[in-house]
Amino acid sequence: YYHLLTQKRAFEELAGGSTFQSTNGSVLRDHILLVPPLDEQRRIARILSTTQRARELNAPVLAHSERLKRKLIEHLFAPDSRPGNSTEWRVVPIGSLCTGMFDGPHATPTKTDEGPVFLSISSLNQGQLDLTRSAHLSENDFVRWTRRVVPKADDVVFSYETRLGEVALLPKGLRCCLGRRLALMRPDTA
């Protein structure tokens, strides 16, 4: 169970299908797994089950916190909640607050185990950047995939297809490119 939790990307790479990804039993049956002695397996399972229980116990708190944050944002930006003189607030298109909006190439490069990060929709998770499921690409592909834009710190990356509404703010020091169905807005900070 715990090993399979870490193998999603490996199975995705082996999957086929045009409408949805799928695999068959032989892929799982032939999957290689390092098996420690039984006592070590039990020790590892105790450690991992403890962390999983902690995560499950915290899940309702995190979900409540996320709902509270969304309600707070809705309230703070509601017309009747504006502080002071509400005529000072402007209604503008979001594009007018950006120096540019860019989307990624409409293709997928050959993925590698190291190199610049290839951002995909799975890199976005509830307002956060989650690179644990992100792939990498070669330096040559990085040059090709950043012709339109080189993502930089404080760019807002968002999905515009499939998992609509996923968004994240890029941190400093991340060398990455946009994948399919991703775009970024570059805020005008001047």
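Look above for the structure.
As the structure is a computational prediction, the values presented were derived from the model and not from experiment. In every chain, residue numbers begin from 1 and rise along the written sequence. Per-residue local features of the predicted model are confined to residues with pLDDT of at least 70, and side-chain atom pairs are confined, for both listing and counting, to 80 or more; whole-chain, interface and lining totals are unaffected and use all residues. Hydrogens and waters are ignored; side-chain quantities use all the structure's heavy atoms.

**Let's talk about the pairing of strand β6 (residues 156–159)**
Pairing between two strands requires that DSSP report at least two bridges joining them. Every helix listed is a DSSP run of H or I at least four residues long, and every strand listed is a run of E at least two residues long, numbered separately from the N terminus. By the bridge criterion, three bridges tie β6 to strand β7 (residues 167–169) in an arrangement that is antiparallel. Bridge pairing links F158 to V167 in β7. Sheet topology note: the β6/strand β9 (residues 182–187) ladder contains four bridges and is antiparallel. From the neighbouring strand, V156 faces β9, where its bridge partner is M185.

**Focus: the sheet that holds strand β1 (residues 98–103)**
Backbone-to-backbone hydrogen bonds pair the strands of a sheet. The strands run either parallel or antiparallel. Pairing within the open sheet is antiparallel, and its four strands lie in the order β1-β9-β6-β7. For this open sheet the edge positions go to β1 and β7, each flanked by a neighbour on one side alone. Each strand of the sheet is rotated relative to its neighbour by a mean of 20°, with strand direction disregarded. Throughout, an axis means a line fitted to C-alpha atoms (over the contacting stretch in the case of helices), and angles, computed between N-to-C directions, take values from 0 to 180 degrees.

**Details of the packing of aromatic side chains**
The pairing test for Phe, Tyr and Trp rings, Trp by its six-membered ring, is centres within 6.5 Å, and the orientation test on the planes gives stacked under 30 degrees, edge-to-face over 60, and tilted for anything in between. For the structure on display, the rule yields zero aromatic pairs. For R175, the ring lying beneath its charged end belongs to F142, and the centroid distance is 4.4 Å. Counted as over-ring charges are cases with an Arg CZ or a Lys NZ within 6 Å of the ring centre that also lie within 35 degrees of the ring normal.

**Focus on the pattern of salt bridges**
What counts as a salt bridge is simple: a side-chain nitrogen of Lys or Arg found within 4 Å of a carboxyl oxygen of Asp or Glu. This structure, assessed with the given rule, holds seven salt bridges. Note that E66 is salt-bridged to R70, the shortest N-O span being 3.6 Å. Within this pair, E66 and its partner R70 are both found in helix α4 (residues 38–76), separated by four residues, close to a single helical turn. For the salt bridge of R148 with D103, the shortest nitrogen-to-oxygen distance reads 2.8 Å. Of this pair, R148 sits in the loop between α5 (139–145) and β6 while D103 sits in strand β1, and the two are 45 residues apart along the sequence. Each residue's exposure class comes from its accessible area (1.4 Å probe, protein chains only) as a fraction of the maximum for that residue type: buried when under 20%, exposed when over 50%, partly exposed otherwise. When its relative accessible area of 46% is taken as the criterion, R148 is described as partly exposed. We classify D103 as partly exposed; its relative accessible area is 25%. Through salt bridges with shared partners, a single ionic network connects E66, K69 and R70.

**A look at the environment of W145**
Structurally, the position occupied by W145 is in helix α5. Setting aside its immediate chain neighbours within four residues, W145 contacts P105, A107, T108, P109, F118, L137, C177 and L178. Any two residues whose heavy atoms approach within 4.5 Å are treated as being in contact.

**Observations regarding the nonpolar core**
The term nonpolar core refers to a set of buried residues drawn from Ala, Val, Leu, Ile, Met, Phe, Trp, Tyr and Cys, joined through side-chain atoms within 4.5 Å. Counting 13 residues, the largest nonpolar core has L119, V157, L170, C176, L178 and L182 as its most contacted members. Within the residue set of this core, elements represented by two or more residues are β2 (111–119), β8 (176–178) and β9. If we skip the residues at most four places from it in the chain, L119 touches L129, L131, V157, L170, C176, C177, L178, G179 and L182.

**Focus on α4**
In this analysis, the expected span of each helix is defined as 1.5 Å times one less than the number of residues it contains. In this model α4 runs 55 Å from its N-terminal to its C-terminal C-alpha over 39 residues, within 8% of the 57 Å that 1.5 Å per residue would give. The largest bend in α4 amounts to roughly 35° and is located at N58, with the proline P60 lying one to four residues further along. Listed as buried for α4 are S49, Q52 and E66. Packed against the buried residues of α4 are α1 (2–5). Note that the bend at a residue is defined as the angle between axes fitted to the seven residues ending at it and the seven residues starting at it.

**Things to note about the sheet that holds β8**
Read from one edge to the other, the open sheet built from three strands follows the order β5-β2-β8, with strand pairing classed as mixed. The open sheet has two edge strands with one neighbour each: β5 (135–137) and β8. Strand-to-strand twist of the sheet, defined as the mean angle between neighbouring strand axes without regard to direction, takes the value 70°. Bridge analysis of β2 against β5 gives four bridges, and the strand direction is antiparallel. Residue T112 lies in a different strand from β5, and its bridge partner there is H136.

Take it as geometry only, folks, not as evidence of what the structure does.
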